[in-house]
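Fold and contact review
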Amino acid sequence: MRVRFERSGGFAGITLGGEFDSMNLPPEQTAELNRLIEESRFFELPAVMRTTQTGADRFQFTVSVDTGAQKHSIEFDEKSAPENLRPLLKWLTDAQRKTLAAQKQRPAG
Amino acid sequence: MSHRSPICCIVPEDILCRLAALSEHRDRALRTLILTERLRGRRVVLERMAAHATSTGQKRRTVYDAQHKTTLPGKLVRSEGATPSADVAVNEAYDFCGATYDFYMKAYSRNSIDDKGMRLDSSVHYDQDYDNAFWDGQQMVYGDGDGTIFDRFTKCLDVVGHELTHGVTAATANLDYQGQSGALNESVSDVFGSMVKQMSNNQTADQADWLIGEGLFLPSVNGVALRSMKAPGTAYDDPQLGKDPQPADMAHYVNTTSDQGGVHTNSGIPNHAFYLIAAELGGFSWERAGRIWYEALTKRLTSSSDFQAAADATFGAAGDLYGAGSTEQKAVQNGWGGVGIKVNQSAASTTKKKVVA
């Protein structure tokens, strides 16, 4: 299973993004990711979710999941994210931050 | 959804999206939750409308604690005139909101976001590890940061000035939040946010740092701030975050679909134009360069204005305020020229909007 994730926008305007491949994840993390994808009803979500409400500096997201059997991509703004998708977003955001932090620890070269 | 009440029209765009995402025959529990939320939204809006209706033309601030949840506004923790809280984020939101209100009143005689004394609502401690601040269309919202990259977002006066200015823009030019008009919207918030800080520090254009969000990065990050108006693209360069992607001129304009078409990236171009103008004029930036921007924002720019329209509008505003061929008007022309935009003088004379009642 592959999961691609991108968060753009926000006050800082710094894009956070990456790809998670179950081949490279510990089994317990793959199980957790699978559970969150299922609980979000990811494959039933519309491809695009946008609000027309006013506001500024909110995050924009794209998430793609490819399980081999099923493939789906969604793009949406933070405000239109359904409640049951939020735990998956939090997991992806935290995991991406950890990946970046680990990259920083690693010596350059 | 043809029978929405007027109040519901204000509240539920996100809810409508969620409803649209539901298939016909499932998730009744979620549907109930949504309806409950709609009712709660109605109550919140009614409370807010009541507060706005009692506008007195005085500074009125309220700060709420979202208690690490995403329901707004949260619990009321400080209102106008109340003693300081033990919570530093609450006091920063309150004080910096006050400094921003004072800036608009002192510099441009503007009475709050709507110029009618609108109450300034802020919520702090939004969500968990939330590395952002935003304007939700009605109020300001601040996260505590993630503890590794970002500190709390109430920490910087210019960030608060930036968010409140989104409200001013929404009440005036209402620049569309995408592409060039969106980048202009972002830039207007940076420009006025920076000037709020400059006034608070009593700094002239040559004394100011022209940084946005200085101090927001935690020490592990290699960067001084999120953006630099003086030298866009140089605010940070970090192994985790990459390099500040802001361009300083049109030759480096970034075409992207991320972030509503790069609204936080291409804002570097009008940001730098403003810096060049303020630096050329010297003195306090809010007195002349800021006055020209304010005039353009409130009287000339429209929701679809692009960078060229902003150049023409500020040139026209400078002519109105200081005269055709004045030092100020020449500085505006030079500043936009410095970022690769040539003022169209004939367009400048026709961009003036009728004064909105």
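1. Comments concerning the overall build of chain B
For chain B, the helix and strand inventory stands at 12 helices and nine strands. For chain B, buried positions account for 51% of its 357 residues. Taking the intrachain contacts of chain B between residues at least 6 apart in sequence as the baseline, contacts between residues at least 24 apart amount to 60%.

2. A word on the nonpolar core
All names here are of chain B. Counting 97 residues, the largest nonpolar core has Ala-93, Tyr-142, Phe-274 and Ile-277 as its most contacted members. Composition of this core by domain shows at least three residues from each of domain 2 (57-169) and domain 3 (179-348). Setting aside anything within four residues of it in sequence, one finds Tyr-142 in contact with Ala-89, Ala-93, Ser-122, Val-124, Tyr-126, Ala-133, Phe-153 and Thr-154.

3. A closer look at the sheet that holds strand E4 (residues 133-135) of chain B
All names here are of chain B. Pairing within the open sheet is mixed, and its five strands lie in the order E2-E1-E3-E5-E4. Of all the strands in the sheet, the pair left with one neighbour each is strand E2 (75-79) and E4. With direction set aside, neighbouring strand axes in the sheet form an average angle of 20 degrees. Summarising the sheet, strand E3 (residues 120-124) and strand E5 (residues 140-142) pair through two bridges and their orientation is parallel. Note that in E5 the partner of Ser-123 across the bridge is Val-141. Running over the sheet, helix H5 (residues 157-171) touches E3, E4 and E5 and is turned about 20 degrees from E4.

4. Side note on the sheet that holds strand E2 (residues 16-21) of chain A
Residues and elements named next belong to chain A. With respect to topology, five strands assemble into an open sheet ordered E2-E1-E4-E5-E3, the strand pairing being mixed. Edge positions in the sheet fall to E2 and strand E3 (48-49), since each has one partner strand and no second. One ladder, built from eight bridges, connects strand E1 (residues 2-9) with strand E4 (residues 59-66); its direction is antiparallel. Looking at E4, one finds that Val-3 is bridged to Val-65.

5. A word on helix H6 (residues 179-200) of chain B
Residues and elements named next belong to chain B. With 22 residues, H6 extends 32 Å from end C-alpha to end C-alpha; this agrees with the ideal 32 Å at 1.5 Å per step. Burial within H6 is extensive, with 20 of its 22 residues counted as buried. Within two residues after H6, Asn-202 carries a phi angle of roughly 55 degrees, on the positive side.

6. A short note on the pairing of strand E1 (residues 61-65) of chain B
All names here are of chain B. With five of five residues buried, E1 is to be regarded as a mostly interior element. Burial along E1 is two-sided: the residues Arg-61, Val-63 and Asp-65 and Thr-62 and Tyr-64 are all buried. Where E1 meets E3, five bridges bridge the pair, whose relative direction is parallel. Residue pairing in the sheet places Val-63 in a bridge with Ser-122 of E3. Bridge count for E1 against E2 is four bridges, and the pairing is antiparallel. The residue bridging Val-63 from the neighbouring strand is Arg-78, located in E2.

7. Looking at unusual backbone geometry
Residue and element names in this part refer to chain B. Between Leu-72 and the following residue, Pro-73, the backbone shows a cis peptide bond with an omega angle of 5 degrees. With respect to the element layout, Pro-73 can be found in the loop between E1 and E2. We note that Ser-109 has phi near 55 degrees; this positive angle belongs to a residue other than glycine. At Ser-112, a position not held by glycine, the phi torsion is positive, near 75 degrees.

8. Side note on the environment of Thr-83 of chain B
Residue and element names in this part refer to chain B. Counting through the fold element by element, Thr-83 comes out in the loop between E2 and helix H4 (88-108). When the 5 C-beta atoms within 10 Å are taken as the criterion, Thr-83 is described as exposed. Each C-alpha atom of the pair Thr-83 and Val-339 lies 47 Å from the other, and the pair is 256 residues apart in sequence.

9. As for the domain arrangement of chain B
Residues and elements named next belong to chain B. For chain B, the assigned domains read domain 1 (1-54), domain 2 (57-169) and domain 3 (179-348). Here the C-alpha centre of domain 3 lies 23 Å away from the C-alpha centre of domain 2. Looking at the side of domain 2 that touches domain 3, the elements that each hand over two or more residues are H4 and H5. Ranked by residues supplied to the side of domain 2 that touches domain 3, first place goes to H5 with eight residues. Looking at the side of domain 2 that touches domain 3, its residues break down into 10 nonpolar, seven polar and three charged.

Basis of the calculations
- Residues numbered from 1 in each chain as written.
- Chains lettered and ligands numbered in written order.
- Predicted model: local features only at pLDDT ≥ 70, side-chain atom pairs only at ≥ 80, totals over all residues.
- Helix = DSSP H or I, 4+ residues; strand = E, 2+ residues; numbered from the N terminus.
- Buried ≥ 20, exposed ≤ 12 C-beta atoms within 10 Å, placed from the backbone.
- Contact = placed C-beta atoms within 7 Å.
- Core = buried A, V, L, I, M, F, W, Y, C linked by C-beta atoms within 7 Å.
- Domains from an automatic or database assignment.
- Pairing = 2+ DSSP bridges.
- Axes fitted to C-alpha atoms, helices over the stretch in contact; angles between N-to-C directions.
- Expected span 1.5 Å × (residues − 1).
- Nonpolar A, V, L, I, M, F, W, Y, C, P; charged D, E, K, R; others polar.

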